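For reference, the chains in residue letters:
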Amino acid sequence: YPAGTSGKSSPACEPAGGTRRHGSLLGLGRLPPGAPSLVATMRAAPRFLPGFARDWPAVASTAGLPPHEAMRWLAGELAAGAGDLVLDAEVGCSYLDAELVPVSVPALAAYLSEPRAAVEAPGPYLAQADLFAERPGLRERLLPPSLTDRTPRPYRTVAWLGGATSSPLHHDPYAGLLVQQIGRKRCALLPPDSPSTQSLPRHSLLQGNSSPVDPFAPRRDTERYPDYPAAAVLEHVLSEGDALLIPRRWWHAVRTDDSTFASFSLTLWWDGASADAEAERFVRGVLESKERRDEGARTVGAERNG
């Protein structure tokens, strides 16, 4: 384990197993030009954005590399921009049963570049880490310049760094844009107002926004929790550069995909009653800006070829 951790092995996490029945994320993808906003036509719904962050530094600089090699690049950037930054990391299957241990952030990325990290899973998990608040200089290294003045600005941008990581089924009071940088993640979602989620068992009174139900194995958990009816879980896999817009109060669970043992993600959060609309405006602004740049590049290329 990286310096600063206890070196204590984490308990083995229960595999998902079970028979899965998945939806297709409501068929959501990039909206065609001129299409009305999801927020304007229906209750806010998840939106899958393939290639949304293909020009972000971590994605562009490590394109084509396996996750452990991409982690070497990240370790270098964190060492240069974060120095000796130490933050608490979770050691356990999820935040519901994890211990918090201090971890050197650059050392954790370096550890994840080693083959042994794959067999010592789950290992330390740096969850919702305020890297940019702790080390503002990291913004220039890990965020594209185009986000500097983009509005509506997220109230908080956090990082997720670890190996075989898992966030249990829960909901947030924020609208979140999960942006995958290195590795792949599986995301499962349930709408906030469906019969399935209204009857979800809660983890505890103090953690009423979390549930012990595993949405990756709904049939198995129907047997474990009789009050939880079978549900069509919306599931998607995020690869490097993909993003997923998660509205407020939508139940979701996230775990590292089986095809990779290391993952680095960023989440942009918007707060308040208008969070969903602000997040949608932000995403639409980024996509429109990308389209203008791409159109400009095509025009220049056509002029040169002409």
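Residues numbered from 1 in each chain as written. Predicted model: local features only at pLDDT ≥ 70, side-chain atom pairs only at ≥ 80, totals over all residues. Heavy atoms only, no water.

1. Some details on the overall build of the protein chain
Inference 1: The helix and strand inventory of the protein chain stands at ten helices and 13 strands.
Inference 2: Burial status across the protein chain gives 51% buried among its 306 residues.
Inference 3: For the protein chain, the exposed area adds up to about 13,800 Å²; of that, 52% sits on carbon and sulfur atoms. (Helix = DSSP H or I, 4+ residues; strand = E, 2+ residues; numbered from the N terminus. Buried < 20%, exposed > 50% of the residue type's maximum accessible area, 1.4 Å probe, protein only. Areas by Shrake-Rupley, 256 points an atom, 1.4 Å probe, with all protein chains shown as cover.)

2. Overview of the sheet that holds strand β11 (residues 243-246)
Inference 1: With antiparallel pairing, the eight strands of this open sheet are ordered in space as β2-β11-β8-β13-β6-β5-β3-β4. On the outer flanks of this sheet lie β2 (47-49) and β4 (99-104), each paired with one strand and no other. Between one strand and the next, the sheet's axes are offset by a mean angle of 25°, whatever the strand orientation.
Inference 2: Taken together, the four bridges between strand β8 (residues 175-182) and β11 define a ladder with antiparallel strand orientation. Across the sheet, the residue bridging to Gly 176 is Ile 246, located in β11. (Pairing = 2+ DSSP bridges. Axes fitted to C-alpha atoms, helices over the stretch in contact; angles between N-to-C directions.)

3. Quick word on unusual backbone geometry
Inference 1: Cis geometry is adopted by the peptide bond preceding Pro 152, which originates at Thr 151 and carries an omega value of -5°.
Inference 2: With respect to the helices and strands, the residue Pro 152 is situated in the loop between α7 (138-142) and β6 (156-162).
Inference 3: A positive phi angle, close to 35°, is found at Gln 128, a residue other than glycine.
Inference 4: Notably, Arg 249 is not glycine yet its phi reads approximately 70°, a positive angle.
Inference 5: Note that Arg 249 resides in the loop between β11 and β12 (251-256).

4. Section: the packing of helix α3 (residues 67-82) against helix α4 (residues 105-112)
Inference 1: As a packed pair, α3 and α4 sit with axes 7 Å apart at the nearest point and diverge in direction by 165°. The orientation of α3 relative to α4 falls into the category roughly antiparallel. α4 is crossed by α3, and the crossing has left-handed handedness. Of the residues in α4, those in contact with His 68, Met 71, Leu 74, Ala 75, Leu 78 and Ala 79 of α3 are Val 105, Pro 106, Ala 109, Ala 110 and Leu 112.
Inference 2: Classifying every residue of the contact of α3 with α4 by side-chain character gives ten nonpolar, one polar and no charged. (Parallel < 35°, antiparallel > 145°, perpendicular 65-115°, else oblique. Left-handed = near helix turned anticlockwise from the far one by under 90°. Contact = heavy atoms within 4.5 Å. Nonpolar A, V, L, I, M, F, W, Y, C, P; charged D, E, K, R; others polar.)

5. Side note on the pattern of salt bridges
Inference 1: Under the counting rule described, the total for this entry stands at ten salt bridges.
Inference 2: Arg 293 is the salt-bridge partner of Asp 55, the closest N and O atoms lying 3.3 Å from each other. Of this pair, Asp 55 sits in the loop between β2 and α2 (57-61) while Arg 293 sits in helix α10 (residues 275-305), and the two are 238 residues apart along the sequence.
Inference 3: Note on Asp 55: relative accessible area 34%, which makes it partly exposed. (Salt bridge = Lys/Arg side-chain N within 4 Å of Asp/Glu carboxyl O.)

6. Topic: the confidence of the model for the protein chain
Inference 1: Residues at a pLDDT of 70 or more form 75% of the protein chain, whose mean pLDDT is 80.
Inference 2: When the criterion is pLDDT under 50, residues 6-12 qualifies, and its contacts beyond four places in sequence or with other chains add up to 15 contacts. (pLDDT = per-residue confidence, 0-100.)

7. A word on the environment of Ser 94
Inference 1: Counting through the fold element by element, Ser 94 comes out in the loop between β3 (86-91) and β4.
Inference 2: Taking the C-alpha atoms as reference points, Ser 94 and Ser 166, separated by 72 residues in sequence, lie 5.6 Å from one another.

8. A look at α3
Inference 1: In this model, α3 (16 residues) spans 21 Å end to end at C-alpha, consistent with the 22 Å of a helix rising 1.5 Å per residue.
Inference 2: Along α3, the residues classified as buried are Pro 67, Ala 70, Met 71, Leu 74, Ala 75, Glu 77, Leu 78, Gly 81 and Ala 82.
Inference 3: Where α3 is buried, its residues contact α4, α6 (131-134), α7, β6, β8 and β13 (263-270).
Inference 4: A positive backbone phi angle near 60° is found at Gly 83, which sits one or two residues after α3. (Expected span 1.5 Å × (residues − 1).)

9. Quick look at the pairing of strand β9 (residues 185-190)
Remark: a regular strand shows side chains that alternate across the two faces of the sheet.
Inference 1: The element β9 is largely enclosed, with a buried count of six among its six residues.
Inference 2: Note: β9 against strand β10 (residues 233-238), five bridges, orientation antiparallel. Each residue of the ladder has a partner; that of Lys 185, found in β10, is Leu 238.
Inference 3: Pairing of β9 with β12 involves six bridges; the strand directions are antiparallel. Paired with Ala 188 across the two strands is Ala 253, which belongs to β12.

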